[in-house]
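# Structure assessment
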Amino acid sequence: MTKLNNREKIIKSKLRVGRGIGSGKGKTSGRGVKGQKSRSGVAIKSFEGGQMPLYRRLPKRGFNPISGEQIAILNLEKIQSYIDKKTIKINDVLNSDLLKKLNLINKNSTKLKILGTGEIKDKINIEANLASKSAVEKLEKIGGSIQLKK
């Protein structure tokens, strides 16, 4: 077996603590005197001496995606109620810009989805990013139209 270098005893043996005064690490084995840390089997994980610990200083992030897309959803019954209240005009093209302007959906939403809950009586043209099958069927049945943006 060849050595990498010729110095004797390059690997120092582990220091054995608690082996008498002469060793320099006898009696308390370098742990000081008394207190929780001098005892065996004590681990004070993430305790910072009463200072607010790091894991509590940082914001909670959980399962909420930080930059998830905001999709505004709108049911057909809701659209009908807006038409009845005359908030929306029938001859207008219903799109996310118009709804944001009228404060009917959140201004931070990036997409608009039309869902098919409830009934709609008036013909209306809708521009949306997404739509459920039932919503598309109901709109086409009354002669309305829906354009899906890609």
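All of the points below concern the structure found in this document.

Rules behind the numbers
- Residues take numbers from 1 onward in each chain, read along the sequence in its written order.
- For a predicted model such as this one, the threshold for reporting local features is a pLDDT of at least 70, and the threshold for listing and counting side-chain atom pairs is 80 or more; totals across whole chains, interfaces and linings nevertheless cover every residue.
- To obtain the side-chain values, all non-hydrogen atoms of the structure were used and water was disregarded.
- Between buried and exposed lies partly exposed: a residue is buried under 20% and exposed over 50% of the maximum accessible area for its type, with that area taken using a 1.4 Å probe on protein chains only.
- Helix and strand labels come from DSSP, where a helix needs a run of H or I of at least four residues and a strand needs a run of E of at least two; each type is numbered from the N terminus.
- The directions considered for the arc are those from the helix axis to the C-beta atoms.
- A contact between two residues is defined here by any heavy atoms of the two lying within 4.5 Å.
- Any residue with relative accessible area above 30% and no salt bridge may belong to a patch, with like charges joined within 9 Å and the nonpolar Val, Leu, Ile, Met, Phe, Trp and Tyr side chains within 5 Å.
- Where accessible areas are quoted, they stem from the Shrake-Rupley method and a 1.4 Å probe; at the residue level, only the protein chains shown are allowed to cover.
- Throughout this description, the term salt bridge denotes a Lys or Arg side-chain nitrogen within 4 Å of a carboxyl oxygen of Asp or Glu.
- Each pair of strands is called paired provided DSSP finds at least two bridges between the two strands.
- Only the contacting stretch of a helix is used when fitting its axis, a line to C-alpha atoms as for every element, and angles between N-to-C directions run 0 to 180 degrees.

## A closer look at helix 2 (residues 76-84)
Residues of helix 2 that are buried: Leu 76, Ile 79, Gln 80, Tyr 82 and Ile 83. Buried residues of helix 2 fall within an arc of 160° about the axis and therefore sit on the same side. Buried residues in helix 2 make contact with strand 1 (71-75), strand 2 (93-94), strand 3 (111-115), strand 4 (125-128) and helix 4 (133-141). Within two residues after helix 2, Lys 86 carries a phi angle of roughly 65°, on the positive side.

## Notes on a nonpolar patch on the surface
On the surface, a nonpolar cluster with roughly 260 Å² of combined accessible area is contributed by Val 42, Ile 44 and Phe 47. Tracing the backbone through its elements, the reader meets Phe 47 in the segment before helix 1 (54-57). On the basis of relative accessibility, which here comes to 54%, the residue Phe 47 falls in the exposed class.

## Quick look at the sheet that holds strand 1
Read from one edge of the open sheet, three strands run 1-3-5, paired in parallel fashion. Looking along the sheet, the strands with just one partner apiece sit at the ends: strand 1 and strand 5 (130-131). Here strand 1 pairs with strand 3 via five bridges, running parallel. Bridge pairing links Ile 71 to Lys 111 in strand 3. Sitting on the sheet, helix 2 is in contact with strand 1 and strand 3, with an inclination near 70° to strand 1.

## So, the pairing of strand 3
Of the two faces of strand 3, only one is covered, namely that formed by Leu 112 and Ile 114; the face formed by Lys 111, Lys 113 and Leu 115 stays uncovered. Sheet analysis places strand 3 next to strand 5, joined by two bridges and oriented parallel. Looking at the pairing, Ile 114 lines up with Ala 131 of strand 5.

## As for the side chain of Gln 80
As for its position among the elements, Gln 80 is in helix 2. If we skip the residues at most four places from it in the chain, Gln 80 touches Glu 119, Ile 120, Lys 121 and Asp 122.

## Focus on the pattern of salt bridges
According to the stated counting rule, one finds three salt bridges in the structure shown. For Glu 48, the salt bridge identified is with Arg 57, shortest N-O distance 2.8 Å. Exposure remark for Glu 48: the relative accessible area of 28% places this residue in the partly exposed category. By relative accessible area, which is 44% here, Arg 57 ends up partly exposed. Across the pair Lys 111 and Glu 69 runs a salt bridge, and its minimum N-O distance is 3.3 Å. Here Lys 111, found in strand 3, pairs with Glu 69, found in the loop between helix 1 and strand 1; they are 42 residues apart in sequence, far enough to count as distant. Given a relative accessible area of 27%, Lys 111 falls into the partly exposed group.

## Considerations on the sheet that holds strand 2
Ordered by their spatial adjacency, three strands build an open sheet running 2-4-6, and the pairing between neighbours is parallel. Both edges of this open sheet fall to strand 2 and strand 6 (145-148), since each of them pairs with a single strand only. Where strand 4 and strand 6 come together, four bridges link them in parallel fashion. From the neighbouring strand, Asn 125 faces strand 6, where its bridge partner is Ser 145.

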